[in-house]
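Structural features, examined
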Amino acid sequence: MSLIANLYPLMKPWLFRMDAERAHEWTTRMMRLSHSLGLLTVGQEKIPQKPVECLGLRFPNMLGLAAGMDKSASAVEAWSALGFGFVEVGTLTPRPQPGNPKPRLFRLPEHDALINRMGFNNPGIHVAVKRLEKRRTQAVVGVNIGKNFDTPNEDAVKDYLLGLKAAYRVADYIAVNISSPNTKGLRDLQAEDSIRALLAALKTEQASLAKEYGQMKPVLVKIAPDLDGQQIEALARVFNELAVDGVIATNTTISREAVAGHALEKEAGGLSGAPVKERSTQVIQAFRMLLKEGTPIIGVGGILSGVDAKEKLNAGAQLVQVYSGLVFRGPALVTDVLKNG
Ligand SMILES: Cc1cc2nc3c(=O)[nH]c(=O)nc-3n(C[C@H](O)[C@H](O)[C@H](O)COP(=O)(O)O)c2cc1C
């Protein structure tokens with residue numbers, strides 16, 4: 001195991017006594033510092049890379065960092081050094097915004113789970129794009145775009161178009177986030193008519209950007225786990241109709257069934273980690289059945305081991321991502337997934 005993977009279990013009790021968001025900021029800073037000192041790769045096991053050809057891209061391996069961990073694209077090289085084959089930065093909105101009042105991130109260690117209501121705190125897409133212009137990494141980089149909290153849903157298309165145009169040059173793929181529970185009304189964009197209008201506009205813009213830059217960059221949609229069968233069918237219909245390039249399943253859940261009785265159960269926000277694992281796998285399975293053959297799915301939700309990652313792949317995902325698992329298992333999770341996933 002790498003030095004950093006060995007150190008994490010020793011640091012974890014100390015980190016877990018700290019406020020969750022402060023611990024996140026601290027670890028991100030440490031990651032950047034360790035990377036600049038070349039420490040992230042010390043003692044790192046050489047895992048034979050199994051590249052994945054997907055979305056017209058060559059992913060060094062099938063494991064990605066899920067959106068939300070690096071909202072501002074501040075540590076892409078460090079994540080890549082840790083072993084990730086791809087990094088999805090964001091969610092990024094057209095204008096910078098502070099997000100919801102703190103505290104807004106909570107740990108439920110008994111359940112290997114987090115609840116967050118961050119609310120798209122981010123420096124604005126233009127800051128992230130500037131950082132990505134200078135990126136030096138093998139990893140594929142996805143840019144996850146959203147709308148500002150004070151943009152009404154009627155104008156949401158404008159925010160997403162701005163995000164797509166701003167990110168197009170520096171991103172390898174663009175993820176359209178319509179599934180965060182922490183921006184009021186955002187998930188309503190998953191309704192059939194709204195999503196059709198949004199995606200039609202984005203696909204038209206994608207085609208014209210592809211002409212301008214001489215390169216087609218895939219546009220994926222990130223969906224919620226809290227969709228019933230009818231909503232899933234309606235979404236899949238629209239995705240097929242408009243030839244969406246891929247689906248990211250899933251975001252966090254608003255359900256609290258799996259953590260009923262926990263002291264933090266009533267905290268508003270999205271629940272992630274182990275409690276969302278099964279539902280996210282079911283959603284992947286459902287979309288696999290309904291999507292046009294060859295439409296890639298990125299599986300995310302509750303991956304805490306290589307075995308969990310394998311479940312997502314068996315359900316029909318081509319690639320996987322982790323967020324909460326990294327908090328509870330540390331960098332050893334990367335090796336576990338790459339070896340056993
Ligand atoms: C603190 C936190 C912030 C997140 N922020 C975003 C975000 O900005 N955009 C997004 O698409 N997903 C966001 N997510 C959702 C994750 O990308 C992922 O879809 C979800 O947590 C399920 O995966 P996991 O169980 O591995 O955490 C966030 C998750 C957490 C825990």
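Every value quoted in this text rests on a predicted model; they were computed, and no experiment measured them.

To continue, consider the UniProt feature "domain: Dihydroorotate dehydrogenase catalytic" (unreviewed entry) in the protein chain. Here, UniProt's "domain: Dihydroorotate dehydrogenase catalytic" (unreviewed entry) annotation points to residues 52-339. The annotated region residues 52-339 carries 35% helix and 19% strand content, and the separation between its end C-alpha atoms amounts to 15 Å.

Counting residues in each nonpolar core, the largest one holds 98 residues, and the members touching the most others are Trp79, Tyr160, Ile223, Phe239 and Phe287. With seven residues, the top contributor of residues to this core is helix H5 (residues 156-168). The contacts of phenylalanine 287, once residues within four sequence positions are left out, are Ile223, Ile232, Leu235, Ala236, Phe239 and Ile297. Core analysis: the next-biggest nonpolar cluster, separate from the first, contains six residues, Phe106, Ile115, Val259 and Leu271 among them.

Right, let's get into the environment of lysine 46. Considering the arrangement of structural elements, one finds lysine 46 in the loop between helix H2 (20-36) and strand E1 (52-54). Overall, the relative accessible area of 79% leaves lysine 46 in the exposed class. Each C-alpha atom of the pair lysine 46 and methionine 1 lies 9.8 Å from the other, and the pair is 45 residues apart in sequence.

Evaluated as defined, the whole model comprises seven aromatic pairs. Through pairs of rings, three or more aromatic residues link up here, namely Phe59, Phe86 and Tyr173. A cation over a ring is seen here: arginine 107 above phenylalanine 16, with NZ or CZ 4.5 Å from the ring centre. The aromatic ring of tyrosine 168 is capped on one face by lysine 217, whose charged end is 5.6 Å from the ring centroid.

Moving on, we get to a nonpolar patch on the surface. On the surface, Leu3, Leu7, Leu10, Leu33, Leu37, Leu39 and Val42 cluster together into a nonpolar patch covering about 610 Å² of accessible area. Looking at which element gives the most residues to the nonpolar patch, the answer is helix H1 (residues 3-17), with three residues. Tracing the chain through its elements places leucine 33 in helix H2.

The next subject is the site of the ligand. In the region of the ligand, 24 residues are neighbours, and Ala67, Thr91, Lys222, Gly302 and Ser324 sit closest. One nitrogen or oxygen atom from the main chain of glycine 273 is found 2.8 Å from an oxygen atom belonging to the ligand. Contacts to the ligand include tyrosine 323, whose backbone N or O atom sits 3.0 Å from an oxygen atom. For the ligand, whose free accessible area comes to 610 Å², the fraction covered by protein is 98%. Counting residues per element, the ones that place at least two in the shell around the ligand are strand E4 (86-92), strand E6 (113-116) and strand E11 (270-273).

Put simply, helix H9 (residues 306-315) and helix H11 (residues 332-340) touch, their axes get as near as 8 Å, and they point 50° apart. When the axes of H9 and H11 are compared, the pair comes out oblique. Here the hand of the crossing between H9 and H11 comes out right-handed. Touching Gly306, Ala309 and Lys310 of H9 are Asp336, Val337 and Asn340, all from H11. For the contact of H9 with H11, a count of residues per class yields two nonpolar, two polar and two charged.

The rules behind these values
Starting from 1, residues in each chain are numbered consecutively following that chain's sequence as written. Side-chain atom pairs in this predicted model are given and counted only at pLDDT of 80 or more, local residue features only at pLDDT of at least 70, and totals for whole chains, interfaces and linings cover all residues. As a convention, hydrogens and water are excluded, and side-chain values are obtained from all of the structure's heavy atoms. UniProt positions are given in the numbering used here, feature names are shortened, and annotations may be inferred rather than shown by experiment. Think of it this way: any DSSP run of H or I at least four residues long counts as a helix, any run of E at least two long counts as a strand, and we number them from the N terminus. For this analysis, a nonpolar core means a set of buried residues of the types Ala, Val, Leu, Ile, Met, Phe, Trp, Tyr and Cys, connected via side-chain atoms within 4.5 Å. Partly exposed describes any residue whose relative accessible area lies between the buried limit of under 20% and the exposed limit of over 50%, with all areas from a 1.4 Å probe on protein chains only and scaled to the type maximum. Contacts are assigned to residue pairs with any non-hydrogen atoms lying within 4.5 Å of each other. Only rings of Phe, Tyr and Trp enter the pairing, Trp through its six-membered ring, and a pair is recorded when the two centres are within 6.5 Å. The plane angle decides the type: under 30 degrees is stacked, over 60 is edge-to-face, the rest tilted. Over a ring means this: the NZ of a Lys or the CZ of an Arg is within 6 Å of the ring centre and within 35 degrees of the ring normal. Exposure above 30% relative accessible area and no salt bridge define the residues that can form patches, which grow by joining like charges within 9 Å and nonpolar side chains of Val, Leu, Ile, Met, Phe, Trp and Tyr within 5 Å. Here the accessible surface of atoms and residues is derived via Shrake-Rupley with a 1.4 Å probe, and residues count as covered only by protein chains that are part of the display. In what follows, salt bridge is the name for a side-chain nitrogen of Lys or Arg lying within 4 Å of a carboxyl oxygen of Asp or Glu. By convention in this text, a residue qualifies as near a molecule or strand provided that one of its non-hydrogen atoms is within 4 Å of it. In the analysis that follows, any N or O atom pair within 3.5 Å is treated as a polar contact, provided that within protein one partner can donate a hydrogen and the other can accept it, and provided that, for residues neighboring in sequence, both atoms belong to side chains. Here, axes are lines fitted to C-alpha atoms. For helices the fit covers the stretch in contact, and angles between N-to-C directions go from 0 to 180 degrees. Comment on the angle field: the value is read as roughly parallel under 35 degrees, roughly antiparallel over 145, roughly perpendicular from 65 to 115, and oblique elsewhere. When the near helix sits turned anticlockwise from the far one by under a right angle, the crossing is termed left-handed; a clockwise turn instead gives a right-handed crossing. Three residue categories are used. Nonpolar comprises Ala, Val, Leu, Ile, Met, Phe, Trp, Tyr, Cys and Pro, charged comprises Asp, Glu, Lys and Arg, and polar comprises the others, including Gly.

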